[in-house]
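The residues making up each chain are set out below.
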Amino acid sequence: MSKTKIANQKYPLKTFDTIPMLKPHTPLLDGVDSPADLKKFSTAQLQQLADELREFLLYATGVSGGHFGSNLGVVELTIALHYVFNSPKDQIVWDVGHQAYPHKILTGRRDKLTTIRSQHGLTAFPERHESEYDTFGVGHSSTAISAGLGMSLAMRYLGKNDKVVSIVGDGAMTGGMAFEAMNDAVQQNADLIVVLNDNDMSISQATGGFSKHLATLWQRGLAVDIDKNGDAIFTKRVISSEDRRIRHYLHMANEALDDWTSRLPNKIVEKLAEKGIPKPSQLETLPEKIANKLIDEVFPENLFKAIGFQYFGPFDGHDVAKLTQIFERVKQLQGAVLVHVHTVKGKGFLPAECDPITYHAITKLKKINPAQEKSVPVDSQKPAPTPAKKYSQVFGEFICDKAATDKQLMAITPAMAEGSGMTEFAKRFASQFFDVAIAEQHAVTLAGGMATQGVKPIVAIYSTFLQRGYDQLIHDVALQNLNVMFAIDRAGLVGEDGATHAGVFDIAFMRTVPNMVIACPKDENECYNLLNTCYEHIGPAAVRYPRGNGIGAEIDKNQAMYPIGKAALEQTIEATAADTSNVAKKVAVLAFGTMVKTAVTACQNLAETYPTTTFFVYNMRFVKPLDSELLDTLLAQNCSIVTLEEHQVMGGAGSAVNEYLVAQAAKTSQALPTLINIGIPDKYIAHGSPEQQLADCELDVAGVVKQMQTILS
């Protein structure tokens, strides 16, 4: 169902409260196969195009699932950018890429959008090999300004005059890399346009001093506009009482609503009075000299101006006509320019506007055939079984349980409270919870600083994002042997999010660091209790666990302590026939983490084909330290060894086993056993379902059976 409301009394804005299940009628959008096709539209038609694009986006994302609210919020912005700039000659760089679906639709991929995040379909983020319009591959935050600056400097060197536009969200601006790039852009006197897409959100609600600063700029009701000559002019904006930013930050930025004339020099105040415009509510436009003075005096603390950027805004990011006007004018300027636009995450879809966190991403909508629905017998309409807990839920329960008895626990997240399962903890233990925004390096060193004072910090972080804090893990935590625990979510393959978010390198980069302990639970119960074990350990430790649901294991919350560095025999499958050939008699499978279940099933299947072989499946639990006693025993018995992990083979847990066995064999003059390492090969694994990704790597049961046969045949 769609509705119509008036945005700023200028354009009718079509809004929705349900997601269409059938492809909508989009006559203008259907004629757009490249950004060049936008040039034929009038600015009035661009608003109709925005309505069509938003409705198509709702439909397509309902079919495919994927990032949702952030894409709805940049529909008008994306149209304006491609309308004004000459892409791909002009380089448009998206930060993170959550919000790039409208960009994909307008750049020749409209008919493929329903395949996004599916195997062999479009990627969830901009990717250079997918389209010439995807100028830089992204997926992690805060990179667009650096990449755009690199393009600008290279183009200047090559004598090109094309424009570079970097679009970055206010959440991504909390990452230090963004400010490093802005600082350098001014130093290099680069031609670079930065568009700040300010929606007061990352995945979660924006936090911190920078967010307060943006709130202050917005709430003043003033803007630095640009005239047709490229000169700055001072204007007023209408502020709605429904503005989510005002509601959220009224207590933080009341000073922004004060009469700003109290902070102006007396001469300027007198001049304003002469003009009959003493209050912001009466302000329309001013003569150039007064406007320039006001910009300097009213916005003296503007962070972007202080760095050295030419600042314009804030503007309504859903006024496509205004955006096209602004971009037409700023593209004539030289130097570093920042255009500040305010958008609403989930714009146009009422449930998402009301709850942008829940609607950050959605799953595929199931289509129901009415005839089939009526034919379902009553007795078969039973409630679906309760799904197994997500590993993030297990972590959330652990920290709440532990904090209830241990007041030294401090929990830190770099803007991933919801994804990491920390919302309940944040409510119940607010004084022990720290959301540091998108600042992984800071999160790790912050934990190190806390640990020096005798508290026990836990850094809850995705594996792919811990990569960004690697130097801090080494230098600021492990080198000082500080008492910090890392709860590493999304370890392993991550399905539809693809290669940019895969957590397949953490074992390799952590196991080389002295003092580190690394644990890999096989299921939910072991996850809970390995978290407890590593929490109680004195020194740096990490527990890595996968995305999604467990296997349904019951959790014993007595907070068991596992002996660090000790494996457990999971299952023995005895030989059922006498040996009449040269087939190996004993095979030990050293399985790490969630591969334990796969190892057991694979060995059960192999036992039917190789009845003279005894299979031992070990749950290794720890990558570092390894169970050296077990490895010594297997070496002495000349037992064939298979290592199995959902991680890169190169540098992974299997590599650690290899290193130990080679060293011990040399020390003891023993023969090395037959050994294979099974894991993720030396390549990036494309997006698809988790099952498809495992099959692609031969890490499903069939693939493991196939690979193990090489030492059995």
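About the thresholds
- Residues numbered from 1 in each chain as written.
- Predicted model: local features only at pLDDT ≥ 70, side-chain atom pairs only at ≥ 80, totals over all residues.
- Heavy atoms only, no water.
- Phe/Tyr/Trp six-rings, centres within 6.5 Å; stacked < 30°, edge-to-face > 60°.
- Helix = DSSP H or I, 4+ residues; strand = E, 2+ residues; numbered from the N terminus.
- Buried < 20%, exposed > 50% of the residue type's maximum accessible area, 1.4 Å probe, protein only.
- Contact = heavy atoms within 4.5 Å.
- Pairing = 2+ DSSP bridges.
- Axes fitted to C-alpha atoms, helices over the stretch in contact; angles between N-to-C directions.
- Salt bridge = Lys/Arg side-chain N within 4 Å of Asp/Glu carboxyl O.
- Polar contact = N/O pair within 3.5 Å; in protein donor to acceptor, adjacent residues only side chain to side chain.
- Core = buried A, V, L, I, M, F, W, Y, C linked by side-chain atoms within 4.5 Å.
- pLDDT = per-residue confidence, 0-100.
- Patch = residues over 30% accessible without salt bridge, like charges linked within 9 Å, V, L, I, M, F, W, Y side chains within 5 Å.
- Areas by Shrake-Rupley, 256 points an atom, 1.4 Å probe, with all protein chains shown as cover.
- Expected span 1.5 Å × (residues − 1).

Peer 1: It is not clear to me how the packing of aromatic side chains should be interpreted in this structure. Could you clarify?
Peer 2: Aromatic ring pairs: the centre-centre distance and the angle between the two ring planes describe each pair. Taken as a whole and judged by the stated rule, the model has 16 aromatic pairs. Ring geometry for Phe 68 versus Tyr 359: centroids 6.0 Å apart, planes at 40°, classification tilted. Of the two residues, Phe 68 sits in the loop between strand S3 (66–67) and helix H2 (69–72) while Tyr 359 sits in the loop between helix H13 (350–354) and strand S11 (361–362), which places them 291 residues apart along the sequence. Looking at Phe 68, the relative accessible area reads 1%, which means it is buried. Classification of Tyr 359 by relative accessible area gives partly exposed; the value is 23%. Ring geometry for Phe 349 versus Tyr 359: centroids 5.7 Å apart, planes at 75°, classification edge-to-face.

Peer 1: Even after reading the chapter, I still don't get the environment of Gly 175, so can you show me in this structure?
Peer 2: With respect to the helices, strands and loops of the structure, Gly 175 is situated in the loop between strand S5 (164–169) and helix H6 (176–187). Separated by 239 residues in sequence, Gly 175 and Pro 414 place their C-alpha atoms 9.7 Å apart. For Gly 175, the contacting residues outside a window of four places in its chain are Ser 142 and Ile 438.

Peer 1: Just checking my understanding: could you explain the sheet that holds strand S12 (residues 409–413) for this structure?
Peer 2: Strand-to-strand pairing in sheets goes through backbone hydrogen bonds, with the strands running parallel or antiparallel. Strands sit in the order S13-S12-S14-S15-S17-S16-S21 across an open sheet of 7 strands; the sheet is mixed. Pairing within the sheet leaves two strands with one partner each, and these edge strands are strand S13 (433–435) and strand S21 (622–624). Here the strands of the sheet are splayed against their neighbours by 20° on average, with no regard to which way each runs. Strand direction decides the pairing type here: strand S15 (residues 485–489) and strand S17 (residues 541–544), joined by 4 bridges, are parallel. Within S17, the position partnered with Met 485 by the bridge is Ala 541. Of the strands in this sheet, S12, strand S14 (456–462) and S15 touch helix H15 (residues 391–403), which is tilted by about 170° from S14.

Peer 1: What exactly am I supposed to notice about the pattern of salt bridges here?
Peer 2: Side chains bearing opposite charge may pair, as long as their charged atoms lie close to each other. Inspection of the entire model under this criterion finds 26 salt bridges. Measuring nitrogen to oxygen at the nearest pair gives 3.3 Å for the salt bridge that ties Lys 14 to Glu 55. Of this pair, Lys 14 sits in strand S2 (residues 11–16) while Glu 55 sits in helix H1 (residues 43–64), and the two are 41 residues apart along the sequence. Here Lys 14 falls in the partly exposed class, since its relative accessible area comes to 27%.

Peer 1: Got a minute to help me understand the side chain of Asp 225 in this structure?
Peer 2: Topologically, Asp 225 is positioned in strand S7 (residues 222–226). In this structure Asp 225 comes out as buried when scored by relative accessible area, which is 7%. At a separation of 2.6 Å, a polar atom in the side chain of Asp 225 contacts the side chain of Lys 322. Look past the residues within four positions of Asp 225 in its chain and what remains in contact with it is Asp 231, Ala 232, Ile 233, Thr 235, Phe 312, Phe 315, Lys 322 and Ile 326.

Peer 1: Please explain the nonpolar core as it appears in this structure.
Peer 2: Where a protein is soluble and globular, its nonpolar side chains tend to be buried together. In terms of nonpolar packing, the biggest core is built from 86 residues, with Leu 81, Met 173, Phe 304, Phe 327 and Val 330 touching the most fellow members. Of the residues forming this core, the biggest block, 9 residues, is contributed by H1. Discounting residues that sit within four places of it in the chain, Met 173 has contacts with Ile 145, Val 168, Ala 178, Phe 179, Met 182, Val 194, Leu 196, Phe 210, Phe 304 and Leu 338. With 50 residues, the next largest nonpolar core counts Ile 461, Ile 507, Val 513 and Leu 630 among its residues.

Peer 1: Looking at this structure, I do not really get the confidence of the model for the protein. What am I missing?
Peer 2: Atom-level detail of predicted coordinates should not be read off regions where pLDDT is low. Residue-level pLDDT values for the protein average 88, and 85% of them are 70 or greater. Confidence over residues 275–286 falls short of pLDDT 50; this stretch has 31 contacts with residues more than four positions distant or in other chains. Of the regions scoring below 50 in pLDDT, residues 370–381 engages in 2 contacts with residues more than four places distant in sequence or in other chains.

Peer 1: It is not clear to me how a nonpolar patch on the surface should be interpreted in this structure. Could you clarify?
Peer 2: The grouping of Met 21, Leu 22 and Leu 365 at the surface amounts to a nonpolar patch, some 280 Å² of accessible area in total. Within the secondary structure, Met 21 is located in the loop between S2 and H1. For Met 21, a relative accessible area of 35% puts it in the partly exposed group.

Peer 1: Help me out: how do you make sense of helix H22 (residues 595–609) in this one?
Peer 2: The α-helix advances 3.6 residues per turn, and as a result positions three or four apart in sequence lie on the same side. If you check H22, its first and last C-alpha atoms are 21 Å apart, about what 15 residues at 1.5 Å a residue would give, namely 21 Å. Along H22, the positions that sit buried rather than exposed are Met 595, Val 596, Thr 598, Ala 599, Val 600, Ala 602, Cys 603, Leu 606 and Ala 607. Along its buried surface, H22 packs onto strand S18 (568–573), strand S19 (586–591), strand S20 (614–619), strand S22 (640–648), helix H25 (690–696) and helix H26 (701–712).

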